[in-house]
Amino acid sequence: MNLKLLVTAGDGIGPEVTNEAVKVLEEVMALGGHTLALEHKRIGGIAITTDGTPLPADTLAAALASDAVFLGAVGGNEFNALPPDKRPEAGLLAIRSALGGFANLRPAFAFKELAVNSPLRSEIIDGADILFVRELLGGLYFGQPRQWDKAKGEAWNTMRYTRDQVIRIAFSLAQKRRKKLCSVDKANVLEVSQLWRATVIEVAAEFPDVQLEHQYVDAMAMHLMNRPRDFDVVLTENLFGDILSDESGVITGSLGMLPSATIGGKVNLYEPIHGSAPDIAGKGLANPIGAILTGALILRHTAGLEAEAAAIESSVRKVLERGFRTTDLARGNTQGLTVLSTTEMGAKVRETVKQLLAVSSQLLA
Ligand code: IPM
Ligand code: MN
């Protein structure tokens, strides 16, 4: 298999975490006799500085010509005063829209070893394993009209949905998991949510083996913290999914652990859920695991290399089991733990995945 991957590392900790993830991918692909053709392009704040736009045309062209795009993070404090359409985030939204992936998959699971990092009691989070399916190209992020009329002191955004394909993807993913789907909306207030709920109910008829429930987003924010284990696939619209997936970082113990994959469009887009964290950028403090697990999703959803994807995920688990942590994961009692820098953590995962794959190829031989 030959994978043509465009890396848009972006801002803040983006370059350091994607660098570690790419090294893991290179190792795993080479061991399996596959080739990884890498290209690097600018996006976000760095592109504003050098090219005057957060999504330069050559970045977009390269993205459309690749098998998958691996994005680090965008954003920086120096851009905070800019209007939404001039900010680094506009580059991210523009590439999401151009690549066309509307289903953003955000798996969130509780690692046993990290239970102490969560403010939630371990008996609440142990075994939690949720797949958020966030609609990525609709809702308030893209709805027109949108405007800030400064003279009038009035601003508006539009939450608009048409009947959505993302719903079918969420149901078929639930079929491959524990066959439960929770659709999150605000149908007690919003017409768009009423359309959403009616469509979910209609599509559900095609998936009689999947158990369906509906929750209002406000109640769901609470249920996720009280009883996260009750949920399997959580399907929701763009902004609700943005908020709930950050909240789920509490279940995992750190937002730095969470990967994402966006599918359904022309080219799949992969990005860790965490942001650019400018306060810790360049200090070797960033946790590369979210990016490394995002690399595993590239192998699973674009390259069709399931065994290799699973090997990366097992390696991360093993590294945690053996007591290795990045700084964000080693708060409080660090007895018996070894705190690693960004590159040391990357190297540890690489070393582990190499051993794992060597053992499995010996078993096959
Ligand atoms: C995310 C981020 C983005 C979003 C920002 C950076 C535009 O928060 O991927 O969750 O809101 O979608
Ligand atoms: Mn977010």
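Residues numbered from 1 in each chain as written. Chains lettered and ligands numbered in written order. Predicted model: local features only at pLDDT ≥ 70, side-chain atom pairs only at ≥ 80, totals over all residues. Heavy atoms only, no water.

Chemist: Before we move on, can you summarise the pairing of strand β9 (residues 211–216) with the specific residues and values?
Modeler: Bridging between strand β8 (residues 180–185) and β9 involves six bridges; their strand directions are parallel. Paired with C182 across the two strands is E213, which belongs to β9. What joins β8 to β9 is helix α7 (residues 191–204), and the crossover it makes is right-handed. (Pairing = 2+ DSSP bridges. Helix = DSSP H or I, 4+ residues; strand = E, 2+ residues; numbered from the N terminus. Right-handed = clockwise from strand over helix to strand, strands pointing away.)

Chemist: Could you give an account of the sheet that holds strand β3 (residues 68–73), naming the residues involved and the relevant values?
Modeler: Strand order in the open sheet formed by ten strands is β2-β1-β3-β12-β11-β4-β5-β10-β8-β9, and the pairing between neighbours is mixed. With one partner strand each, in any of the chains shown, β2 (35–40) and β9 form the two edges of the open sheet. Across the sheet, the axes of successive neighbouring strands diverge by a mean angle of 25°, strand direction being ignored. In terms of strand pairing, strand β4 (residues 103–109) meets strand β5 (residues 129–135) through seven bridges, oriented antiparallel. Across the sheet, the residue bridging to N104 is R134, located in β5. Contacts from helix α6 (residues 166–175) reach β4, β5, β8, β9, β10 (233–236) and β11 (261–263) within the one sheet, and its direction differs from that of β10 by about 175°. Seen against the sheet, helix α8 (residues 217–226) touches β5, β8, β9 and β10 and runs at an angle of roughly 110° to β9. (Axes fitted to C-alpha atoms, helices over the stretch in contact; angles between N-to-C directions. Contact = heavy atoms within 4.5 Å.)

Chemist: Account for the pattern of salt bridges, naming residues and giving values.
Modeler: Per the stated rule, a full pass over the model turns up 21 salt bridges. Among the salt bridges present, the one from E202 reaches R163, with a minimum N-O distance of 2.9 Å. Here R163 lies in the loop between β7 (154–156) and α6 and E202 lies in helix α7, a separation of 39 residues in the sequence. Classification of R163 by relative accessible area gives exposed; the value is 53%. Among the ionic contacts, a cluster of salt bridges with common partners joins D129, R177, R178 and D232. (Salt bridge = Lys/Arg side-chain N within 4 Å of Asp/Glu carboxyl O. Buried < 20%, exposed > 50% of the residue type's maximum accessible area, 1.4 Å probe, protein only.)

Chemist: Please set out the packing of aromatic side chains residue by residue, giving values where relevant.
Modeler: One pair of aromatic rings is described through two measures. These are the centre distance and the angle between the planes. Applying the stated rule across the entire model yields three aromatic pairs. Ring centres of F171 and F207 lie 5.2 Å apart, and the angle between their planes is 15°; this geometry places the pair in the stacked category. Here F207 lies in the loop between α7 and β9 and F171 lies in helix α6, a separation of 36 residues in the sequence. Overall, F171 belongs to the buried group, its relative accessible area being 0%. Residue F207 is classed as buried on the basis of its relative accessible area of 8%. Over the face of the ring belonging to Y141 we find R134, whose NZ or CZ atom lies 5.2 Å from the ring centre. (Phe/Tyr/Trp six-rings, centres within 6.5 Å; stacked < 30°, edge-to-face > 60°. Lys NZ or Arg CZ within 6 Å of the ring centre and 35° of its normal.)

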